[in-house]
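# Close look at the chain arrangement
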Amino acid sequence: MDMTKVQIRKAEEKDYPFILRVNEENVEVLSPMNEERLRKFAEFAELILMVEVDGQPAAFLIALREGVDAYDSENYRWFSKTFERFLYIDRIVIDEPFRGQGLGRRLYLEVFSHAQRTGVFLVTAEIDTIPYNATSLNFHKTMGFREVGTQVIRGGMIQVSLQVVCIDTDAPENMP
């Protein structure tokens with residue numbers, strides 16, 4: 001793929017149908033999201049990024065900073081109790097036809113760059129281990145993430161690996 005035809009930009013309202021469609025198509029490894037919830041994300045998310053390939057929507061990512069009391073995610077709350085400052089990747093979805101082309105890596109590098117520009121040393125994410133999401137676990141490992149905890153959520157139906165990556169080698173020594 002000619003990567004010069006890839007654009008990462010802030011999501012706009014025109015992107016909502018795409019975001020909702022690919023979220024629903026991958027809901028088994030994500031939390032459900034309807035238009036109302038997406039609009040709430042637009043109010044408090046640090047980043048809602050879109051990837052376009054040759055002008056076609058291909059992927060999206062939602063990330064939040066610490067301190068969003070209105071967000072009810074069990075995983076986000078775990079990170080909030082554990083770390084003072086972080087950038088939490090709530091979800092990333094690559095549309096099926098665009099998988100395996102490095103778009104996830106490009107999105108994460110954009111998130112890491114944003115975190116560094118805004119003085120955040122930790123980027124956090126969770127990955128399902130029950131049901132087992134080998135693709136995501138492997139991807140996060142290649143991006144430098146490591147597990148700092150686990151938890152069972154949604155009434156015992158899901159287990160997640162809570163992971164972090166420290167993106168600044170000059171971060172304080174108490175970083176995980």
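Residues numbered from 1 in each chain as written. Predicted model: local features only at pLDDT ≥ 70, side-chain atom pairs only at ≥ 80, totals over all residues. Heavy atoms only, no water.

Time to look at helix 5 (residues 134-142). What helix 5 keeps buried is the set Ser136, Leu137 and His140. In an axial view of helix 5, the angular spread of the buried residues amounts to 100°, which keeps them on one side of the axis. Looking at helix 5, the residues exposed on the side facing more than 90 degrees away from the buried face are Thr135, Lys141 and Thr142. Of the surrounding elements, those touching the buried residues of helix 5 are helix 4 (103-117), strand 5 (122-130) and strand 7 (158-166). Note on helix 5: the residue one or two positions beyond its end, Gly144, has a positive phi of about 95°. (Buried < 20%, exposed > 50% of the residue type's maximum accessible area, 1.4 Å probe, protein only. Helix = DSSP H or I, 4+ residues; strand = E, 2+ residues; numbered from the N terminus. Arc of directions from axis to C-beta. Contact = heavy atoms within 4.5 Å.)

Moving on to helix 2 (residues 35-44). Of all the residues in helix 2, the buried ones are Leu38, Phe41 and Phe44. One side of helix 2 holds all its buried residues, which, seen down the axis, span an arc of 130°. Exposed positions of helix 2 whose direction lies more than 90 degrees from the buried face are Glu36 and Glu43. In the core, the buried residues of helix 2 are packed alongside helix 1 (16-25), strand 2 (47-53), strand 3 (56-65) and strand 4 (87-94).

Of all hydrophobic cores here, the largest spans 30 residues; its most connected members are Ile19, Met33, Phe41, Phe60, Ile62, Leu64 and Tyr71. Within the residue set of this core, elements represented by two or more residues are helix 1, helix 2, strand 2, strand 3, helix 3 (74-82), strand 4 and strand 7. In terms of residue count, helix 1 provides more of this core than any other element does, 5 residues in total. Setting aside chain neighbours within four positions, we find Phe60 in contact with Phe18, Ile19, Val22, Asn23, Met33, Leu49, Met50, Arg91, Ile92, Val93 and Leu107. (Core = buried A, V, L, I, M, F, W, Y, C linked by side-chain atoms within 4.5 Å.)

If you add up the space inside the largest pocket, you get close to 950 Å³. Taken together, 40 residues line the largest pocket, and the ones lying closest to its centre are Val29, Leu30, Ile92, Asn133 and Ser136. Put simply, the parts of the chain that give the lining of the largest pocket at least two residues each are helix 3, strand 4, helix 4, strand 5 and helix 5. Counting residues per element, the lining of the largest pocket draws most heavily on strand 4, which supplies 7 residues. (1 Å grid on protein atoms, 1.4 Å probe; cavity = no way out; pocket = protein on both sides within 12 Å on 5 of 7 lines; lining within 4 Å. Points joined across faces, edges and corners; volume = space filled by probe spheres on them.)

Right, let's talk about the packing of helix 4 against helix 5 for a bit. Remark: helix 4 packs on helix 5, axes separated minimally by 11 Å, with the N-to-C direction vectors making an angle of 50°. Considering the angle they form, helix 4 stands oblique to helix 5. As helix 4 packs across helix 5, the resulting crossing turns out to be right-handed. Contacts from Gly104, Arg105 and Tyr108 of helix 4 reach helix 5 at Phe139, His140 and Thr142. (Axes fitted to C-alpha atoms, helices over the stretch in contact; angles between N-to-C directions. Parallel < 35°, antiparallel > 145°, perpendicular 65-115°, else oblique. Left-handed = near helix turned anticlockwise from the far one by under 90°.)

In this section: the environment of Ala45. Positionally, Ala45 belongs in the loop between helix 2 and strand 2. Once residues lying within four places of it in the same chain are set aside, the contact partners of Ala45 are Ile62, Ala63 and Leu64.

Inspection of the entire model under this criterion finds 15 aromatic pairs. A ring pair is formed by Tyr108 and Phe112, whose centres lie 6.1 Å apart and whose planes are at 70°; its orientation type is edge-to-face. In this pair, Tyr108 and Phe112 both sit in helix 4, 4 residues apart, roughly one turn of the helix. Its relative accessible area of 1% is what places Tyr108 among the buried residues. (Phe/Tyr/Trp six-rings, centres within 6.5 Å; stacked < 30°, edge-to-face > 60°.)

We now examine the side chain of Ser73. Within the secondary structure layout, Ser73 lies in the loop between strand 3 and helix 3. At a separation of 3.1 Å, a polar atom in the side chain of Ser73 contacts the main-chain amide nitrogen of Tyr76. (Polar contact = N/O pair within 3.5 Å; in protein donor to acceptor, adjacent residues only side chain to side chain.)

With that settled, consider the sheet that holds strand 2. Consider a sheet: its strands pair through backbone hydrogen bonds, and that pairing is either parallel or antiparallel. On the basis of which strands lie adjacent, the open sheet formed by 7 strands has the order 1-2-3-4-5-7-6 and mixed pairing. Strands with a single pairing partner mark the edges of an open sheet, and in this sheet they are strand 1 (6-10) and strand 6 (146-153). Direction aside, neighbouring strands of the sheet carry axes that sit 25° apart on average. The sheet contact formed by strand 1 and strand 2 spans 5 bridges and is antiparallel. The partner of Lys10 across the bridge, within strand 2, is Leu49. Where helix 2 meets the sheet, its contacts fall on strand 2, strand 3 and strand 4, and the angle it forms with strand 3 comes to roughly 60°. In the packing of helix 5 onto the sheet, the strands contacted are strand 5 and strand 7, and the crossing angle to strand 5 comes to about 155°. (Pairing = 2+ DSSP bridges.)

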